[in-house]
Structures are given as C-alpha cells and as structure tokens.
Amino acid sequence: MSERPLLLIHGLWDTPRLFRRLEQTLLERNPNLQLFAPHLPHQLGATPIRQLAAQLDGLIRERFGPQTSVDLFGFSMGGVIARTWLQEWGGASRTRRFVCLGSPQQGTLMAQLIPRWPLAGIADMKIGSALLRDLDAGRDRLDPLQCVSLYSRTDITVFPGWRAVLPQGPRQALPVLTHRQLIAHPRATAAVADVLLAP
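Given the structure is predicted, the values throughout are model-derived calculations rather than measurements.

Enquirer: Can you help me understand the overall build of the protein in this one?
Expert: What the protein contains, in helices and strands, is seven helices and six strands. If you list the helices and strands of the protein from N to C, you get β-α-β-α-β-α-β-α-α-β-β-α-α. Computed over its C-alpha atoms, the radius of gyration of the protein comes to 15 Å, within 12% of the 16 Å expected for a compact globule of 199 residues. Along the first, second and third principal axes, the C-alpha set of the protein runs to 45 × 35 × 30 Å. For the protein, the proportion of contacts with a sequence separation of at least 24, taken over those separated by at least 6, is 71%. Surface accessibility of the protein: about 9,100 Å² in total, with carbon and sulfur atoms responsible for 54%.

Printed below as a string of structure tokens:
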C-alpha cells in the first residue's frame, strides 16, 4: 500500500467530519495510512474555487512542505478545488493519484442559474464557467497522474450524473442513488476505499 499521505478534500456545505466513515474504512484496511482532511470554509458558496485552491496549497505546504508526494481525493466541489490545485498551483508535480467522487468536473445544471455575486464558488461549477474552461484547456497537466472518476448515474446535485468525470482516466458508476450516498453508503465507501488503496 502507498506510503504517501492521502489528502481528503470536502465539498460545499461540508466539513472534514464528512469523511469519518471513509477514514474508518481506510484505516481498518491500512492502519499506517496518513490521512489529512483540511477544513476549507466555503462561506455557503461565496468563496471562489481558485481562492479555496490557494488556501489548500497553503495548508498542504504547512503540513507536508513543498515536495512530499501525495495522493488526492475530492468529494463534490472538493474535487474541483483539488483539480484547480493540481493544475494551477503545481500540485500535479507532487501527486501520484487523483480520485474524484461525485465532482462536477464538467459542471452541473444545478448551478446554472446561480449568480456569480454573491455565490462565486457555486457559479464556478456552472457548465461552461470560466474556471472549468480554463481547467479543460490545461487538462494535459493531469496526464502524468493516475486519475479515477467515481459517480452516481442518478445524482441530481451533479446533474446529469455523467458530468461528474475527469477528462482522463477510468470512470466508474457506483451502486447508489443520491449524491450524499456516494460518501455515506457502506457500498460506496467500500468501493472508494478499493480505489484509494490500490497499489
């Protein structure tokens, strides 16, 4: 199993407590795994994703320095924050594997009518937003990474569910119905752990 720290990035309206079930599953399988789940205050969606990625960069450097190799996992909006860090803050150069779960990497229709002011972070997840266009233009920065996208076909938070995928790497639909079940249902948690702990 990997000796790299595993970073867990939460989504909108969540905190690192979201990952308790997943952390328990991971540590039961690998007690030596080092987990880091930083808190990124979204201010109810008002904080732009690029600003959150900058905060994430500072927290990673504070915890691990500038060079430690890591694995990265992002749930929901956390996956877009993580991808922004990878592509725009040099994170790809120190990351081996990037796994996103129910993450609107291609945007979500649920954000389309949200105004940029005062909810810039949510507006960043609109289909065709400036941020997502920039990330797509620089997607080759993800080529050296092991990228995996996990999603639910019936997700109505990231809607339609098939938009919750990265441009690189395998994609796997999990056997759950809702966005929250992706991170809370035991079947989903087990499947996520399989991917995160793969050699």
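So, next bit.
Enquirer: Would you mind going over the pattern of salt bridges with me for this structure?
Expert: Using the criterion set out here, one finds eight salt bridges in the structure. One salt bridge connects D134 with R50, and the closest N-O pair in it is separated by 2.8 Å. Of this pair, D134 sits in helix α5 (residues 130–137) while R50 sits in helix α2 (residues 49–64); the two residues are 84 residues apart in sequence, bridging distant segments of the chain. Under the relative-accessibility criterion, R50 is labelled partly exposed at 34%. Notably, a salt bridge pairs D124 with R116, separated by 2.7 Å at the nearest N-O pair. The exposure class of R116 is partly exposed, given its relative accessible area of 45%. Through salt bridges that share partners, R50, E88 and D134 make up one connected network.

Enquirer: Looking at this model, I keep getting lost on α2. Mind explaining?
Expert: Each turn of an α-helix holds 3.6 residues, which means side chains three or four residues apart point in the same direction. Compared with an ideal rise of 1.5 Å per residue, which puts 16 residues at 22 Å, α2 spans 22 Å between its outermost C-alpha atoms and is within 8% of the ideal. Taken together, the buried positions of α2 are I49, L52, A53, L56, D57, I60 and F64. Projected down its long axis, α2 carries its buried residues within an arc of 150°, all on one side. If you follow the buried residues of α2, they end up packed against β1 (6–9), β2 (35–36), α3 (77–88), α4 (120–123) and α5.

Scoring rules and cut-offs
Residues numbered from 1 in each chain as written. Predicted model: local features only at pLDDT ≥ 70, side-chain atom pairs only at ≥ 80, totals over all residues. Heavy atoms only, no water. Helix = DSSP H or I, 4+ residues; strand = E, 2+ residues; numbered from the N terminus. Rg over C-alpha atoms; globule rule 2.2 N^0.38 Å. Contact = heavy atoms within 4.5 Å. Areas by Shrake-Rupley, 256 points an atom, 1.4 Å probe, with all protein chains shown as cover. Salt bridge = Lys/Arg side-chain N within 4 Å of Asp/Glu carboxyl O. Buried < 20%, exposed > 50% of the residue type's maximum accessible area, 1.4 Å probe, protein only. Expected span 1.5 Å × (residues − 1). Arc of directions from axis to C-beta.

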